[in-house]
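# Working through the structure, step by step
Read off the chains here:
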Amino acid sequence: MPVRIRAQGRISPAIDLEKLRRVALRLLQLTGQREGELSILLVNDQEMQDLNRRYRQRDQATNVLSFPMREADAPDSGLLGDIVISADTARREARELKVPLGQRLSWLLIHGLLHLLGLDHERSPAEAIRMADQERGLQQRLQQLERRPNMPSLAINIDHVATLRQARGGSEPDPVLAAGICELAGACGIVVHLREDRRHIQDRDLRLLRETVKTKLNLEMAATPEIVAIALGIKPEMATLVPEKRQELTTEGGLNVSGQKKRLAEVIRQLGEAGIPVSLFVDPDPRQIAAAAAIGATFVELHTGRYCDAASEAEREREFELLASGAAQAYGLGLKVNAGHGLNYQNVQPVAALEEIGELSIGHAVMARAILVGLDQAVREMLTLVNGAR
Ligand code: PXP
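Right, let's talk about the sheet that holds strand β5 (residues 153-157) for a bit. Strand order around the closed barrel formed by 8 strands is β5-β6-β7-β8-β9-β10-β11-β12, with parallel pairing between neighbours. Across the sheet, the mean angle separating the axes of adjacent strands is 25 degrees when strand polarity is ignored. Here 4 bridges tie strand β9 (residues 278-282) to strand β10 (residues 299-303), and the two strands are oriented parallel to one another. Looking across to β10, one finds that L280 is bridged to V300.

Dropping the structure here:
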């Protein structure tokens, strides 16, 4: 548990400790301390005064105290230390500053955490300015995160309607009709992957979808000149760049963004000039996410495949942690965050519950269910799960 939180003595009215714990977790992620561990103690003014006298020889209550734990010779160890907050003082200060108590508590947490990370406003005026800047920046990021809409949207990938049609080379089932049914059932967008080998979606599908999709058309594509030219002509609402190999059954891994920054930046620029924001499909790998932000992507889509295919519960938890920290990292870098690949009715909810994730892209599981229960019902059932996750 990276954040332990408890209240000591009588604190009334009670404070929502779980909410404060979530704020602390976010702060660890926003400050690049995903491995960091933190202990938070809420006390009243009397106990704060005792602590302040005992450890700082100041016989008065204060708002926050930090007790760093990191050894000078082990600066990267997990344990950051303790933050003690006086709930009485926080409440008084919130009233004086006319801000909600939660906002004041967040600021005190930020202040305490920056002390644990080595900043000290009492050391010099320059450091006081630096610390105040960081406090403001972190507070803003927290507020942005809180303003996020409460649930992710669901975009439906209709490639496999076309896969079924191509099995006989005829005209049915038609992905264009399927897209309409998905939208009527509540999907926020339609995703198609125009592959270079045209194994499922065809150019005709894309042209008609462009005319008929009422929500948002997301074109998955390889960053090749042929497909970029098509995208520039069709102008989908967004494009998702994916790696593409002819032999693969489906997209197998995320893009190697850090290894082809220049090429991808150029495609992002071309599409961006045509008003098409770009998402990069990446594994939840900090290097790839940082590279995506550095070359100007608007979104990343986190590849959920390894989480979905995990062979054991322990492996699934590990993969989930990577997704959670990847989502926080991407969001912290100013990227919009989507996720997809392999999500189904059993595994979608933990991913949908990640607050940074704005949209899920799901195809195969919905189409597989649609064959048995109908497309409208399959989409609605998935929506119920996604909407119920937060
Ligand atoms: N996102 C991307 C980038 C994909 O390539 C795919 C598969 O086409 C999906 C999401 C949807 O995956 P699934 O069909 O497994 O739901």
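It is worth spelling out the side chain of N63 at this point. Structurally, N63 can be placed in the loop between α2 (45-56) and β3 (64-68). Within polar-contact distance, the side chain of N63 engages the side chain of E93 at 3.1 Å. With residues up to four places along the chain from it excluded, the contact list for N63 reads M48, V84, I85, S86, T89, E93, R104 and L108.

Turning our eyes to something else, we now look at the pairing of strand β12 (residues 357-362). Most of β12 is tucked away: 5 of the 6 residues are buried. Sheet topology places β5 next to β12; 4 bridges connect them, and they run parallel. Its bridge partner lying in β12, S153 is registered against E359. Here strand β11 (residues 336-340) pairs with β12 via 4 bridges, running parallel. The partner of V337 across the bridge, within β12, is I357.

With that settled, the discussion passes to the domain arrangement of the protein chain. Its domain assignment divides the protein chain into domain 1 (3-146) and domain 2 (153-387). Taking only C-alpha atoms, the centre of domain 1 and the centre of domain 2 are 39 Å apart. Contact residues are listed per partner, giving 8 residues for domain 1 and 11 residues for domain 2. Surface buried jointly by domain 1 and domain 2 totals about 720 Å² across both partners, of which 48% is contributed by carbon and sulfur atoms. Among the residues domain 1 hides against domain 2, the three largest losses belong to R34, R141 and L145. Together they make up 55% of the total. Inspection of the domain 1/domain 2 interface yields 1 salt bridge. Measuring nitrogen to oxygen at the nearest pair gives 2.1 Å for the salt bridge that ties R26 to E355.

Across all of its chains, the model carries 21 salt bridges by this definition. Where D205 meets R204, a salt bridge forms, and the shortest distance between an N and an O atom there is 2.8 Å. Residue classification places D205 among the buried positions, given a relative accessible area of 0%. The class for R204 is partly exposed, based on a relative accessible area of 33%. For E237, the salt bridge is made with R210, and the minimal N-O distance between the two is 3.2 Å. Of the two residues, E237 is situated in the loop between α9 (225-234) and β8 (238-241) and R210 in helix α8 (residues 203-212); the sequence distance between them amounts to 27 residues. A relative accessible area of 33% places E237 in the partly exposed class. Bridged by salt links that share partners, the residues R165, D174, R204 and D205 form one connected network.

Analysis parameters
Residues numbered from 1 in each chain as written. Predicted model: local features only at pLDDT ≥ 70, side-chain atom pairs only at ≥ 80, totals over all residues. Heavy atoms only, no water. Pairing = 2+ DSSP bridges. Helix = DSSP H or I, 4+ residues; strand = E, 2+ residues; numbered from the N terminus. Axes fitted to C-alpha atoms, helices over the stretch in contact; angles between N-to-C directions. Polar contact = N/O pair within 3.5 Å; in protein donor to acceptor, adjacent residues only side chain to side chain. Contact = heavy atoms within 4.5 Å. Buried < 20%, exposed > 50% of the residue type's maximum accessible area, 1.4 Å probe, protein only. Domains from an automatic or database assignment. Buried area = accessible area lost by both parts, 1.4 Å probe. Salt bridge = Lys/Arg side-chain N within 4 Å of Asp/Glu carboxyl O.

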